[in-house]
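Read off the chains here:
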Amino acid sequence: MPAAPLQKMEVFFNFKSLCESVLEMDLERAFRIFEEQSNLAFPDLKNIEEGQARVFLTSMNRSLYNYILYKRDISLHNCCFQNSIMVHKCESRNGLFARGQAILQMYYNELNLSQKNNVYINRAKQFIEENLSEPLSLEQVANQVFVCKAYLSELFSNCTGIKFSEYVTLQRVEQAKRLLICSNQSIQEISQNCGFSSAAYFSSVFARVAGKSPRKFRQEILKNTA
């Protein structure tokens, strides 16, 4: 359902759509929303009061900080502080656009960095790696790293670019490749040790991901190393 149009004064304080775009790591959309909202706030291109521009950018900066803190429990206070300093130097429409985009870019960069180093994702990955032979559910892993499963699911999508279930499958296949290369275990044994419910299912998933069956993969590796 599309968001209702913002009222004249509301554009100075309601940055929900823009915040959502930044949190979804869609910087291009965030830039577009910022331009549309600033055009609504300042329809006269030539006359922008410096005080109003500061109110607009300050409100956006604080909205981004609070939204990210509430949604992700990430406090980007240094980012917010640096942006606050930059806001007070805004003196023109060009300055408004330049500083607004700089604010969005800074939050985007900080979020990107925090996601790559996210402690919950790192713990989840370690737990998955150590338990590939066991059934692994999103809820089980979330309990192990002390977050709710909805948040962990969102983190996997944002930090790895794929869903939790896809990540687990890929890790199982990578483990299977290592065992096919470095062990004499049968296909059945490898499927069990990598957490697949059956050898037939293992072969189907492996072929889909690797482009060939486990048996053919092993044969080609052995042939190339002979």
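All values derive from a computational prediction rather than experimental measurement.

What counts and how
Every chain's residues receive numbers from 1 upward, in the order its sequence appears when written. For a predicted model such as this one, the threshold for reporting local features is a pLDDT of at least 70, and the threshold for listing and counting side-chain atom pairs is 80 or more; totals across whole chains, interfaces and linings nevertheless cover every residue. With hydrogens and water set aside, each side-chain value is computed from the structure's full complement of heavy atoms. The helix count covers DSSP runs of H or I at least four residues long, the strand count covers runs of E at least two residues long, and both are numbered beginning at the N terminus. For a helix, the expected span equals 1.5 Å multiplied by the number of residues minus one. Buried residues are those whose accessible area, probed at 1.4 Å on protein chains only, stays under 20% of the maximum for their type, while exposed residues exceed 50% and partly exposed ones sit between those limits. The arc in question is formed by the directions pointing from the helix axis toward the C-beta atoms. Put simply, a salt bridge is a Lys or Arg side-chain nitrogen that is within 4 Å of an Asp or Glu carboxyl oxygen. Among buried residues, those of type Ala, Val, Leu, Ile, Met, Phe, Trp, Tyr and Cys that are joined through side-chain atoms within 4.5 Å constitute a nonpolar core. It only takes one pair of heavy atoms within 4.5 Å for two residues to be counted as in contact. Here a polar contact means two N or O atoms within 3.5 Å. Within protein one must be a hydrogen donor candidate and the other an acceptor candidate, and residues neighboring in sequence count only if both atoms are side-chain atoms. To get an axis, a line is fitted to the C-alpha atoms, and for a helix only the part in contact is used. The angle between two axes follows their N-to-C directions and goes from 0 to 180 degrees. Each angle is binned into one of four classes, with values under 35 degrees roughly parallel, values over 145 roughly antiparallel, values of 65 to 115 roughly perpendicular, and all other values oblique. In this scheme the crossing of two helices becomes right-handed for a clockwise turn of the near helix relative to the far one and left-handed for an anticlockwise turn of less than a right angle. When residues are sorted by character, Ala, Val, Leu, Ile, Met, Phe, Trp, Tyr, Cys and Pro go into the nonpolar class, Asp, Glu, Lys and Arg into the charged class, and all the rest, Gly among them, into the polar class.

1. What to know about helix α6 (residues 119–130)
Along an α-helix, a turn takes 3.6 residues, which lines up residues three or four apart on a common side.
In step 1: Between its first and last C-alpha atoms α6 spans 17 Å; for 12 residues at 1.5 Å apiece the expected length is 16 Å, and the two agree.
In step 2: Among the residues making up α6, those that are buried are I121, A124, F127 and I128. One face of α6 carries all of its buried residues, which in axial projection span an arc of 130 degrees. Along α6, the residues that are exposed and aim more than 90 degrees away from the buried face are E129 and E130.

2. Some words on the pattern of salt bridges
In step 1: Within the structure shown, the criterion is met by three salt bridges.
In step 2: Between E174 and K177 there is a salt bridge; the shortest N-O distance is 3.4 Å. Taken together, the residues E174 and K177, both in helix α9 (residues 164–182) and three residues apart, mark about one turn of the helix.
In step 3: Relative accessible area serves as the criterion here: at 34%, E174 is assigned to the partly exposed category.
In step 4: The closest approach of N and O atoms between K212 and E220, which form a salt bridge, is 2.7 Å.
In step 5: Under the relative-accessibility criterion, K212 is labelled partly exposed at 26%.

3. Quick look at the nonpolar core
In step 1: In terms of nonpolar packing, the biggest core is built from 34 residues, with L18, F56, M60, L64, L104 and Y107 touching the most fellow members.
In step 2: When residues of this core are traced back to their parent elements, those giving at least two are α1 (16–23), α2 (27–41), α3 (50–72), α4 (77–87) and α5 (93–116).
In step 3: No other element matches the eight residues that α3 contributes to this core.
In step 4: Residue contacts for M60: discarding those within four places in its chain leaves F15, L18, F34, G100, I103 and L104.

4. Brief notes about the side chain of Q37
In step 1: Along the chain, the position of Q37 falls in helix α2.
In step 2: On the accessibility criterion, Q37 (6% relative accessible area) is buried.
In step 3: A polar atom in the side chain of Q37 sits 2.9 Å from the backbone oxygen of V11.

5. What to know about the packing of α1 against α2
In step 1: Contact geometry of α1 with α2 gives a least axis separation of 8 Å together with a crossing angle of 165 degrees. In this view, α1 runs roughly antiparallel relative to α2, as classed from their interaxial angle. Helix-helix and strand crossings are classified by hand; for α1 and α2 the assignment is left-handed. Where α1 abuts α2, its residues S17, L18, S21 and V22 lie against R29, A30, I33 and F34.
In step 2: Residues that form the contact of α1 with α2 fall into these classes: five nonpolar, two polar and one charged.

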